[in-house]
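Chain and residue survey
Here is how the chains run, residue by residue.
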Amino acid sequence: MNSISRHLQTPSSLFASLDSCPDSLRTRTRCQVPILPRNSPVSSSRFAASLNPVCSVHSRRHGSSKCKSGDFSESLELELGRESSSESMQPSVPTEQFSIVEILKKANSFLPHVVLASTLLALIYPPSFTWFTNRYYAPALGFLMFAVGVNSSERDFLEAFKRPAAIFAGYIGQFIVKPLLGYFFGMMSVTMFSLPTSVGAGIMLVSCVSGAQLSNYATFLTDPSMAPLSIVMTSLSTATAVFVTPLLSLLLIGKRLPVDVKGMVSSILQIVIAPITAGLLLNRFVPWICNAIRPLLPPLSVFVTALCVGAPLAINVHSIMSSFGLMILSLIIAFHLSAFVIGYFLPGFIFQKAPDVKALQRTLSFETGMQSSLLALALANRFFQDPLVAVPPAISTVMMSLMGFSLVMLWARRRATGQ
C-alpha cells in the first residue's frame, strides 16, 4: 500500500503513462478495471497501468486533465462499483442499432414483405396502383439502376467483362433455355389444358424477350459484387433483342414481330446506361453527395419496386381473374419456376471450380428466371389482335417479380446465417 500511495502522489508519472495509451483505449467510453482489495500485494507499476484508461475516462467526464491524490482511490472504487453494477443489470446494446440511418439502410430486408403487401393491395383495391401507368415504369427502373450505380464503381464493371464465360452462360439462359421452356409450356397449354392457341402464343412470346432490369436489382440485393455482371448480361440481351426476339417469335409462334430498333436502343440508354453512369460519376467525383443520399436509396427503392409490381397487376386484374386465369397462372408459375431452377443448378456443373460459384448460380438464376415481360405485353397489345395473347405477359410481370424477390429474401437470409 505504501508503494501504491507513493505512485498515486506522482501525477506526472501517471499522465505520462496516460499519454502513451493506445487510441483504442482513448475512444472507449467505459473500461472495466478490476477493483483491487486494499491489502492486495500488487506492484505499483501494474496498478498504475490498470488506472491509465480510467484516468482518461475520468478526465473526459469532468472536463479536466488532473487526477487528484489522497481520497482518489476510494472515490474511484465507489464510482467503478456503481458503473459495474449498472452495466451488469443493463444489456449492452450498440447505439447504432437505434440510428435512423441504420434503419434506412436495412429497409431492403423488408422488400419481400412490401412486394407481397402491394400484390394483395392491388388485388383488393386496384385504384391504389392504376395511376402508376406504363409511362412511369421506365423512370422507376432507371432509379433502381441509379441506386446500383451509386453503390458500385467502374472497376466492378471492368471485372465483369473479364468473365466472358459467365456472360455467355447468361445469354444462353435468356435466349435458348427460356425459349425452349416457353415452347414446352405453350404447347402444353393448348394440348393438355385445351386453352386457346392465343394463350399458348402469349406464353411463347414471354420467353422470347430479353432480360429484366429487376433481375439486376435482385442480384444487387443478394450478391452486391455480382450486380455489374448481371447488368452486363441484361444489357447484352436487351441490345440484341431487336434481332433475336423477332427471330424467336417467327420460329416459335410463326409470326415475325417488327420490333422498333430505335425504341429499344433508346430504352437501354434511358433505363440502364444513363442512370448507372450517373451513379458511377457521382461516386467517383463527388462521393460526399453519394454518402448523403445513400441512406435514402434503400427505402425509396423498396417503394419504387412495390409500385413496379403492383401496377401491372392492378391494371390487368380483370384478365388475370378471368375464368381460365388461374389455369394460366399455374402455367406461368411453372414456366418461371423451371427457369429459376435450371438457371441455378446448370451453372453449378459448368462453373463448379469457380471460387464464387454459389453467387454465380444465384445471379444466373435471376437472369434466366426474370425477363422483360412488359416488353412482351407491349408487343402483344401492338401486334396481336386477340387480347388473350396479352394475358400471359400480364401475369408473368407479377409472378416474375414475386418469385424473384422471394428468392432474394431466402438467399439473403441464408447468406446472413452462413449457410
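Up top is the structure.
Attention here is on the structure that accompanies the text. All of these numbers come straight from a predicted model, not from anything done at the bench.

The rules behind each value
Residues numbered from 1 in each chain as written. Predicted model: local features only at pLDDT ≥ 70, side-chain atom pairs only at ≥ 80, totals over all residues. Heavy atoms only, no water. Helix = DSSP H or I, 4+ residues; strand = E, 2+ residues; numbered from the N terminus. Buried < 20%, exposed > 50% of the residue type's maximum accessible area, 1.4 Å probe, protein only. Polar contact = N/O pair within 3.5 Å; in protein donor to acceptor, adjacent residues only side chain to side chain. Contact = heavy atoms within 4.5 Å. Salt bridge = Lys/Arg side-chain N within 4 Å of Asp/Glu carboxyl O. Core = buried A, V, L, I, M, F, W, Y, C linked by side-chain atoms within 4.5 Å.

**Let's talk about the side chain of Thr397**
If you trace the backbone, Thr397 turns up in helix H22 (residues 391-417). Overall, the relative accessible area of 2% leaves Thr397 in the buried class. A distance of 2.9 Å separates a polar atom in the side chain of Thr397 from the backbone oxygen of Pro393.

**Concerning the environment of Ile167**
Following the sequence through the fold, Ile167 ends up in helix H11 (residues 164-191). Along the backbone, Ile167 and Ile231 are 64 residues apart, and their C-alpha atoms lie at a distance of 10.0 Å. Those residues in contact with Ile167 that sit more than four places away from it in its chain are Ala160, Phe161, Leu229, Val232, Met233 and Leu236.

**Section: the pattern of salt bridges**
Within the structure shown, the criterion is met by 3 salt bridges. Linking Arg163 and Asp356 is a salt bridge whose minimum nitrogen-to-oxygen distance equals 2.8 Å. Of this pair, Arg163 sits in the loop between helix H10 (154-160) and H11 while Asp356 sits in the loop between helix H19 (325-350) and helix H20 (357-369), and the two are 193 residues apart along the sequence. Using a relative accessible area of 25% as the deciding quantity, one classes Arg163 as partly exposed. Overall, Asp356 belongs to the partly exposed group, its relative accessible area being 23%.

**A word on the environment of Phe193**
Relative to the helices and strands, Phe193 resides in the loop between H11 and helix H12 (197-208). For Phe193, a relative accessible area of 33% corresponds to the partly exposed category. For the pair Phe193 and Met327, spaced 134 residues apart in sequence, the C-alpha to C-alpha distance is 8.1 Å. If sequence neighbours within four positions are ignored, Phe193 has contacts with Met188, Met327 and Leu331.

**Concerning the nonpolar core**
If you look at the biggest cluster of nonpolar residues, it comprises 86 residues, and the most contacted ones within it are Tyr217, Leu229, Phe366, Met370 and Phe405. In terms of residue count, H22 provides more of this core than any other element does, 12 residues in total.

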